[in-house]
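# Survey of secondary and tertiary structure
Here is what each chain is made of, one letter per residue.
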Number of protein chains: 2
Amino acid sequence: MQAVSYCPRMRVEILCTGDEILTGKTINTNYSHMARRLGEVGLTVHWGTTVGDDRESLLQAFHQAGERADAVIVNGGLGPTVDDLSQEVAAEACGVPLVLNEHWMTRMEQNYARRGRVMPPNNKKQAMLPENAEFIDNPIGTACGFAVTIGKARFFFTPGVPREMRLMLEEQLIPRLLKIGGITGVTRLKRFHTFGIGESRADGMLSDIPAFQNGHIKLGFQAHYPELETKLAIHSDSEADLNIRLAPVEAEVRKRLGNFIIAEDNQTLEGVVLAALLERGLTLATAEMFSGGHMAARLAPLPGAERIFRKGVVTRDPGELGINGVSAEAAQSVGRKLRDESRASHALALLIDLDEGPERPDFGGTVCIGIADGSGTVARQARLIGNRDWIRAGAVEMGLDCLRRHLLGLPVDERIDFERR
Amino acid sequence: MQAVSYCPRMRVEILCTGDEILTGKTINTNYSHMARRLGEVGLTVHWGTTVGDDRESLLQAFHQAGERADAVIVNGGLGPTVDDLSQEVAAEACGVPLVLNEHWMTRMEQNYARRGRVMPPNNKKQAMLPENAEFIDNPIGTACGFAVTIGKARFFFTPGVPREMRLMLEEQLIPRLLKIGGITGVTRLKRFHTFGIGESRADGMLSDIPAFQNGHIKLGFQAHYPELETKLAIHSDSEADLNIRLAPVEAEVRKRLGNFIIAEDNQTLEGVVLAALLERGLTLATAEMFSGGHMAARLAPLPGAERIFRKGVVTRDPGELGINGVSAEAAQSVGRKLRDESRASHALALLIDLDEGPERPDFGGTVCIGIADGSGTVARQARLIGNRDWIRAGAVEMGLDCLRRHLLGLPVDERIDFERR
């Protein structure tokens, strides 16, 4: 679905600099993060440019963006070495000299002193800003940001280090950009993570909700198989008004997506499963055939998992699990046996029977899941179509989701969009 | 180290189109793949542009690149839907009409017919090319490529589907670009994957080799922790000459990087370990503490692993493995016990003792690895510094590498750059 911009006439551009990005050595995740976050707060990115650590290219890129845009975020080139050119070329584009920012120089020196070190002389370069530039704080690094006007656009300079860029984008840049765009008030992004619903079906299930129809709340999706992220973006004059308007829509989405919601906001499926086990004082053992330990690998490393995770067994050999082949019954039998052996309160078995031969359009696998606890066993069987990695990812998600459903008292065998019968 | 271009004066640009890329919903891996591959064959990308599915932006981007560049690769916008605008805007920029390419139309219809389906009418759009455009074949998709001249640059249009773009880049675009740049002959990329050597040390170990010094062979590195990729790019008039020149340099690099080479070209560490086990008719069981099954997850799903992979055990609880704590002796004891239980010829135990408390600059973990086989046990112990994910990734790599070294008769305890003593 088309993103609704709160400020469609404001033109934002992103300009990424650096040879590592230009030559493809580094994948440009900074660009996608910035563009996505700006979209989520109602701003629209119209153009992206990538240039190297090259004076002529930078100058040309600054001038072109300055002619087209209202605001430009420049990323990278603020480091202490000679190939970091952003401040210099910004000063040239503005026709002003570089001037030492005493405040930032002192801050850098203090930071070095605090760690018992002397600041290397070439760091001084990072405190040299174009004359009259607006200083933008970087609380976690040595490259401060700054803003200048080139042509008709306001340029915001940010460091290439992802965590520094991300923090400055949230705390410093987004408020300034919203102000330039005349957008006041507060924004929020509510996220639901589902397993088992495809993007087009989710759109069909939700898009008739009036708040989405009239654009008061923006509905968006991001599929990262096997999960789908459903995003509700809302903007309001006040926190109180935002809460009042969001609450009923959030509740309606939660009702419609129902049991398929595996997590919300920053939660993960494995985190929800772990929390459910911890809350109830339960323990877990897992067995996996063909998924190669990917299910245990999601759960076992989490903080707190040492209290619930008793044991994981991985094999390719049915004999090792005491079964002849893959079936729902076999999965339950593996679960029962594993529970007895490990003395865990719950055992989760995930078996996959892959089609023979090379991959082809209808290649697939049968997934059998068995869960054993003190009151008996439950099972789930499904056929998934796709290549080996696709089936494995879907099966691991289904295994964890079945356990989530079982622990939360939900049906474990609701049909999902990815399965064939 | 700086890439050496075989044709520094030729100016190549990449223009990526599409709202999914512009808004950051999709990370632009097509760009990094194209730029990297062009660099590897001796071409230099000077500028990257990203615009959405927007007529005005596309036209402006075409004209600007046409003024600056010698060659432009355009990616995306060749689909059958109305928001795919590349052919239309290319025709407009050239001042020519769109004309049906009968050859491609027939090919598309035949492809549909072969699958027993009728081609939807909107696919016809994909056979409409700017008049006099050069047709570029896409053997695996419905979007053909084409080339036109806009301004002073030759524009090559490619589909956004990654596997289609990649194939066309190799088979169709790179030969044409090399021709435009006046680069004749053949190129090859030889790759070594190492574990345990940092990028700067590898550079120091190799950069004095004369073929790198004089630029006859380009040396490059790509770090993806815990592995480092060392790349040798060579260009020559003939295959025979290329082989003669590359062979001694390849041998010298292999000698200098020595035991740290875990794989070459398209091989992987886990693939090399699996092959060594299969060749020798051996079998394997693994035990992991804290790495959450990530070691088994690398090996167990590989084709052929069912013949060697007997069992993997994952736990957070030392008691489950019959030990009191993490040490080299404990790792050997776990290995011995696991080998007996599983009746595998080899058992590999990976234990990690993480520092207590929150992550801090000197946060780390002690990694203990034990390998048991018919002739006894060997052990390896190392302290790694970094956050939990960093230590886990390094430990898993070290576990697999120890087994590789043991199977190949190499020392298992060579010091690596990532460890502290």
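Conventions we followed
- Residues numbered from 1 in each chain as written.
- Chains lettered and ligands numbered in written order.
- Predicted model: local features only at pLDDT ≥ 70, side-chain atom pairs only at ≥ 80, totals over all residues.
- Heavy atoms only, no water.
- Pairing = 2+ DSSP bridges.
- Helix = DSSP H or I, 4+ residues; strand = E, 2+ residues; numbered from the N terminus.
- Axes fitted to C-alpha atoms, helices over the stretch in contact; angles between N-to-C directions.
- Salt bridge = Lys/Arg side-chain N within 4 Å of Asp/Glu carboxyl O.
- Buried < 20%, exposed > 50% of the residue type's maximum accessible area, 1.4 Å probe, protein only.
- Domains from an automatic or database assignment.
- Contact = heavy atoms within 4.5 Å.
- Buried area = accessible area lost by both parts, 1.4 Å probe.
- Polar contact = N/O pair within 3.5 Å; in protein donor to acceptor, adjacent residues only side chain to side chain.

Here we take up the sheet that holds strand β11 (residues 227-236) of chain A. Residues and elements named next belong to chain A. Taken in spatial order, the four strands line up as β10-β11-β9-β12 in an open sheet, and their pairing is antiparallel. Lying at the two open borders of the sheet, with one neighbouring strand each, are β10 (217-224) and β12 (261-264). Taking the axes of each pair of neighbouring strands and ignoring which way they run, one obtains an average angle of 25° across the sheet. Pairing analysis gives eight bridges linking β10 to β11, with the strands arranged antiparallel. Within the sheet, the bridge partner assigned to histidine 224 lies in β11 and is glutamate 227.

Residues and elements named next belong to chain A. Considering all chains together, one arrives at 68 salt bridges over all chains under this definition. Taking the shortest distance from any N to any O, the salt bridge between arginine 37 and glutamate 40 comes out at 2.8 Å. Placement of the pair is arginine 37 and glutamate 40 together in helix α2 (residues 29-40), with a separation of three residues, close to one helical turn. The two residues arginine 37 and glutamate 40 agree in class, both being buried. Residue arginine 245 is joined to aspartate 241 by a salt bridge in which the shortest nitrogen-to-oxygen separation is 3.1 Å. Separated by four residues within a single helix, arginine 245 and aspartate 241 lie in helix α9 (residues 239-257), roughly one turn from each other. The class of aspartate 241 is partly exposed, set by a relative accessible area of 30%. Sharing partners across several salt bridges, the network here consists of Lys190, Glu250, Arg254, Glu264 and Asp265.

Residues and elements named next belong to chain A. In terms of domains, chain A is made up of domain 1 (12-180), domain 2 (186-264) and domain 3 (280-420). Placing the centre of domain 2 and that of domain 3 at their C-alpha centroids yields a distance of 30 Å. Each partner contributes residues to the interface: domain 2 has 12 residues there, and domain 3 has 16 residues. Taking both partners together, domain 2 and domain 3 bury about 1,300 Å²; carbon and sulfur atoms supply 58% of that area. Considering only the surface of domain 2 that becomes buried against domain 3, Phe195, Tyr225 and Asn259 emerge as the three largest contributors, covering 55% of it. Scanning the region where domain 2 abuts domain 3 turns up two salt bridges. As a salt-bridge pair, glutamate 227 and arginine 298 come within 3.8 Å of each other at their nearest N and O atoms. In this structure, the connection of domain 2 to domain 3 is made through eight residue pairs in polar contact (both at pLDDT 80 or more).

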